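Here's the letter readout for the chains.
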Amino acid sequence: LKEFFSFKNLKESFSKTEGSKGEIKNSGIDFSSTAYAFGKISGDINGYLALSLPLEDDESFQIFLKEINKNLIVEERDNLKIATIPGEQNFVYAWKKDKAIISGQSATEKINLKERAVAFFNLLPDQKLSENDPKLTKLINETGDISFYMSFEEAAKMASKMSPLK
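Reading guide: rules and limits
- Residues numbered from 1 in each chain as written.
- Predicted model: local features only at pLDDT ≥ 70, side-chain atom pairs only at ≥ 80, totals over all residues.
- Heavy atoms only, no water.
- pLDDT = per-residue confidence, 0-100.
- Helix = DSSP H or I, 4+ residues; strand = E, 2+ residues; numbered from the N terminus.
- Pairing = 2+ DSSP bridges.
- Axes fitted to C-alpha atoms, helices over the stretch in contact; angles between N-to-C directions.
- Contact = heavy atoms within 4.5 Å.
- Buried < 20%, exposed > 50% of the residue type's maximum accessible area, 1.4 Å probe, protein only.
- Core = buried A, V, L, I, M, F, W, Y, C linked by side-chain atoms within 4.5 Å.

> With reference to specific residues and values, describe the confidence of the model for the chain.
Residues at a pLDDT of 70 or more form 70% of the chain, whose mean pLDDT is 77. For the chain, per-element mean pLDDT is lowest for helix α1 (residues 7-14), which scores 53, and highest for strand β4 (residues 80-84), which scores 94.

Structure representation (structure tokens):
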């Protein structure tokens with residue numbers, strides 16, 4: 001995770017010359033569509049963060065990932081491609097034809113990231129916040145370059161667990 005999102009790596013990806021390897025505009029990501037960042041933090045440091053990206057070309061996305069990290073291992077599972085970096089248990093890429101999820105988790109998190117990626121892609125409609133929370137649905141339907149949504153109910157639960165006033 002640190003390697004992929006490092007300033008050096010991002011700077012190199014965005015400044016590649018036309019036609020060079022690892023050029024982000026050839027990544028297969030659909031930059032004209034909506035992307036989502038989401039996560040969950042529990043306890044002191046347990047949790048995960050994920051980024052859901054729309055894809056316009058899943059094959060280009062795989063090529064892009066392999067250009068950025070030559071050691072990437074790609075496997076197919078449950079109609080998804082799942083990529084990991086050897087020795088890195090807390091970071092995963094997963095994608096299918098039109099969507100990718102990039103996810104990382106804290107080192108103390110015990111959930112298998114490959115399983116979590118499969119679960120993200122297989123959510124039932126009643127499990128999707130975007131289909132069950134009227135406030136989020138309203139926000140999704142508004143126009144804007146960047147929108148931010150936070151569940152204050154969940155934040156209040158976390159705050160009460162971490163309160164030094166207990």
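Now that the structure has been shown, we can carry on.
> Before we move on, could you go through the sheet that holds strand β5 (residues 91-96) and cite the residues and values that matter?
Overall, antiparallel pairing links the six strands, which are arranged β1-β2-β6-β5-β4-β3 in an open sheet. Across the chains shown, the open sheet's two edge strands, defined by having one partner strand only, are β1 (36-42) and β3 (73-77). Averaged over neighbouring strand pairs, the angle between their axes works out to 20° when direction is ignored. Across three bridges, the pairing between β4 and β5 is antiparallel. Following the sheet pairing, Ile-82 is matched in β5 by Ala-94. Sheet contacts for helix α3 (residues 113-121): β1, β2 (46-54), β3, β4, β5 and β6 (99-105); angle to β6, the most-contacted strand, approximately 140°.

> So what's going on with the environment of Ser-60? Residues and values would help.
Structurally, Ser-60 is set in helix α2 (residues 58-68). Given a relative accessible area of 21%, Ser-60 falls into the partly exposed group. Each C-alpha atom of the pair Ser-60 and Gly-28 lies 4.7 Å from the other, and the pair is 32 residues apart in sequence. Beyond its immediate chain neighbours, meaning those up to four positions away, Ser-60 contacts Asn-26, Ser-27 and Gly-28.

> Break down the environment of Asn-90 for me, with residues and values.
Tracing the sequence through the fold places Asn-90 in the loop between β4 and β5. The exposure class assigned to Asn-90 is buried, which follows from its relative accessible area of 19%. Taking the C-alpha atoms as reference, Asn-90 lies 8.4 Å from Asn-112; in sequence the two are 22 residues apart. When near neighbours in sequence (up to four residues on either side) are disregarded, Asn-90 contacts Ser-103, Gly-104, Gln-105, Ser-106, Ala-107 and Leu-113.

> Can you tell me about the nonpolar core, naming the residues and giving the values?
One finds Leu-55, Phe-61, Leu-65, Leu-72, Tyr-93, Trp-95 and Ala-100 to be the most contacted residues of the largest nonpolar core, which totals 16 residues. Among the secondary structure elements, those contributing two or more residues to this core are α2, β5 and β6. In terms of residues, this core owes the most to one element, α2, which gives four residues. Grouped together as the second largest cluster of nonpolar side chains are 12 residues, Ala-94, Ala-117, Phe-120 and Phe-121 included.

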